Amino acid sequence: MDNSASRGQTAIDGPAPSSSVLAVGGAERVARVAGGTAIARVALPLGLAAIQVGAALLLVFVALAAPPKQEGFRGLVNDTISSGARRRLELYRDALGWVPGARGGLDLSPTAYVWGLRAALVVLALVQLGALLACLRQRTARAGEAASLGPWSVGPVATSLVLLAYPPLSSDIFYYAISGHAALHGANPYLVPPKAFPDDPFLPFNDWTGITSPYGPLWTVLSRFLVGLTNDDPIRTVVAFKVVAAVSGLGMAGVAYALALRLTRDSRRALGAFILVAWHPAVLIESAGTAHNDAAMMLGAVGGLLLLSRPGGGLRSGLLLLAASALVKYVTLPLLACAALWRLRPGGRSGVVRTALGQWVLDGAAIALLAAAVFGPFWAGTRTIRSLIHEPARLYVNPLWVLPRLAIEERWGREAAVAFRDLTREGGQWAVAALVLGAFVWLLARTWRASRPDGMPSCVLDASVLRWQVRAWAVMAAALAFVPVNAHAWYAVWAAAPIALAWASATPPETPTAVGTGRRRWLRRPPIPWWLILYLAWTTVSFVVYHTRATS
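Bear in mind the structure is a predicted one, so any value in this text is a computation, not a measurement.

This brings us to the overall build of the chain. Per the secondary structure count, the chain includes 21 helices and two strands. For the chain, the residues scored as buried account for 49% of the 552 residues in total. A separation of at least 24 residues holds for 79% of the contacts in the chain among residues at least 6 apart in sequence. For the chain, the accessible area works out to roughly 25,000 Å², and carbon and sulfur atoms hold 65% of it.

Our next topic: unusual backbone geometry. Negative phi is the rule for most residues except glycine; trans is the rule for most peptide bonds. Even without being glycine, asparagine 231 reaches a positive phi, approximately 60 degrees. Within the secondary structure, asparagine 231 sits in the loop between helix H7 (217-229) and helix H8 (234-263). Unlike most non-glycine residues, alanine 291 shows phi in positive territory, near 60 degrees. The topology assignment puts alanine 291 in the loop between helix H10 (281-289) and helix H11 (294-308). Its relative accessible area of 1% is what places alanine 291 among the buried residues.

In total, this model carries 14 aromatic pairs according to the counting rule given. When the centroid spacing of 6.3 Å and the interplanar angle of 85 degrees are considered together, the rings of phenylalanine 73 and tyrosine 113 count as edge-to-face. Of this pair, phenylalanine 73 sits in the loop between helix H2 (19-64) and strand S1 (75-76) while tyrosine 113 sits in helix H4 (residues 110-137), placing them 40 residues apart in sequence. As far as burial versus exposure is concerned, phenylalanine 73 and tyrosine 113 are alike and both buried. Seen from their ring centres, tyrosine 176 and tyrosine 215 are 5.2 Å apart, and the 75 degrees between their planes marks the pair as edge-to-face. Highlighted residues: tyrosine 176 in helix H6 (residues 172-184) and tyrosine 215 in the loop between H6 and H7, separated in sequence by 39 residues. Given the relative accessible area of 10%, tyrosine 215 is considered buried.

This next bit is on the environment of leucine 341. Considering the arrangement of structural elements, one finds leucine 341 in the loop between helix H13 (333-340) and helix H14 (350-375). Take leucine 341: its relative accessible area is 5%, and that puts it in the buried class. Separated by 107 residues in sequence, leucine 341 and tryptophan 448 place their C-alpha atoms 8.8 Å apart. Apart from residues lying up to four places away in sequence, leucine 341 is in contact with Trp360, Phe440, Leu443, Leu444, Thr447 and Gln469.

Before going further, it helps to examine the packing of helix H5 (residues 150-163) against H8. It is at 10 Å that the axes of H5 and H8 come closest, and there the two elements cross at 160 degrees. Regarding the angle of H5 to H8, the classification is roughly antiparallel. Classified by chirality, the crossing of H8 by H5 is right-handed. In this structure, H5 contributes Pro156, Val157, Ser160 and Leu163 to the contact, and H8 contributes Lys242, Ala246 and Leu250. By residue class, the composition of the contact of H5 with H8 is five nonpolar, one polar and one charged.

Here is what the cut-offs are and how they apply
- Residues numbered from 1 in each chain as written.
- Predicted model: local features only at pLDDT ≥ 70, side-chain atom pairs only at ≥ 80, totals over all residues.
- Heavy atoms only, no water.
- Helix = DSSP H or I, 4+ residues; strand = E, 2+ residues; numbered from the N terminus.
- Buried < 20%, exposed > 50% of the residue type's maximum accessible area, 1.4 Å probe, protein only.
- Contact = heavy atoms within 4.5 Å.
- Areas by Shrake-Rupley, 256 points an atom, 1.4 Å probe, with all protein chains shown as cover.
- Phe/Tyr/Trp six-rings, centres within 6.5 Å; stacked < 30°, edge-to-face > 60°.
- Axes fitted to C-alpha atoms, helices over the stretch in contact; angles between N-to-C directions.
- Parallel < 35°, antiparallel > 145°, perpendicular 65-115°, else oblique.
- Left-handed = near helix turned anticlockwise from the far one by under 90°.
- Nonpolar A, V, L, I, M, F, W, Y, C, P; charged D, E, K, R; others polar.

Now the structure itself:
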C-alpha cells in the first residue's frame, strides 16, 4: 500500500527530476558556496585591515601626546630623550594642531604613554601574524585559482597613510634633508658636517651635527632633489621623505610577491610572503612613520633580483639595480656579490667559468661607471667614506645585547657591563662576518655543483638557483640586521623580504595525518614553521624594547 501510494503521489506531483534539473541545483549550490567564499576572502582581510589601521591611529595619537620631561621621566631612550627629538615632536604638533592631543592637550602620564605605544606595537605584530595565518587557511573559489592580492593590500596602504601623521622622532630624516640641502647649494656632505651650516633650516632638528654623511651618493642625490622640490620647508620635506619611504615599502612587498610566485606554485604562500613584508610593523613604521631609507634600499635589491632571474635575460640590468641599491646604503654589497654568482649556472664546467669571467668584467665595468657617475660630484678619496668606516663603533643600541648588559650591570656593576659591551662589540662584528662569508661560500658551492640533466628546462634549474639565492640573502640580511651591537629597529626592514622569500621557497608541509589532535598536532606541525614564529616574535620584542625603553 505504501509503495502504491508513493507511486501515486509521484504521478500526481509530476515526473521525477531530470539530470538537467539536478545539474542546475548543483550549480546553484556551488555558486552559493563560491559567493560565500568570495565574500569571506574580502571580508577577512578588510576586517584585519581595520584593526591594523586602528592600531596605527592609536600609535600616532599616543606619540603626539608624549608627556614632557618630568621627575622620574626624561623620555624614551631612542625616541624622545634628546632636545632635537623634542623639537621634532613640537614641529609636528604645530603642523597637526587640529588632531586631538597633538599639542599635548591630553597630557598623558608617562605610564599611559609608554604602555599605549607598547599596546599599539604589539597589536600591529599580532595583526600581521593573524593575516598570515588567515591567508594560508583561505580557500579559493576554484581549484588552481590564484589568491587575490588586492584585499590584502588595503591594510598596508591605509596604515601607511595614517602613519604619515606619526611624528618624525628620528633624527635621520633631517640628516637626509640637511645633506641634500648642502649638496643643493654646492657643499659636499661627505666632507663637511651639518654644524658647518648654522643657518640651515634643518639644523635645529638634527642630533647628528658633527658627522659627515654615512649614506650612499645616490641617496644624497635623491635627498637633494626632494629638498629642492619642497623649498626647504621642514614639514613639506618630512612628508616628501615619508611618501618616498612608504611607496618603497609597499613596492618592496609587491616585488617580493612577484618573486615568490617564481619560487612556489602555491599562490597563498606567495601572498603570505607579501604579508610578511607589507604588514610587518617595522616596514610600516620605519617607512611611512619615520621615513628611513632602508625600504628604498631593499626595493632596489629585490627589484634587481627580480630582473636578473627573469626568463630570457635581464641579468646585467638586475646587477645594476642591485648596485644602485648599494649606492643608497652600502649594506646590500654582500647581496650584490651573491647575485653575481648567477652567471655560474648551470655550473661546474670550464666553459661556463670562462664565459662568466668575461661577463663579470663587463658587469664590473658597468657598475663602476654607475658608481663614478653618482660619486663624481662628491668624491674626495677615502675621506668620502670616512664616516662609513666609523659607523659600527658609534652606538650600542641592539636589544639583543642591551638587555643582558643592563642585567650584568645590575648584578655585577658597571665595570662588568663595560667588559661585556666591549666583548660583544667585537664579537658581534666577527659573527656577522662569519655568517655573511659562510652564506656566500654555501651559495657558491651550490651554484658551482649545479648541473643540468638531459632534458631539464633551464627555467627549472633557474628556479633552484633562485631558491638558493634567497636563502643566502636571508642569512646575510638577518646577520647584518640583528647581530651587531649598533643594530637599530629599522634594520629589521633589511631582512623582511629575504626571510619572506626564503620561507616561500621552502616546500610547504603536507596536511598532517600523524597521531595527535588539537594542541599536540599544532605543536608538531604548526601552520608556519617555528623558525619563522621565532623571527616574528624576536622582531616584535626587539622593536618594543627599542622604541619604548624609558629612562629617569
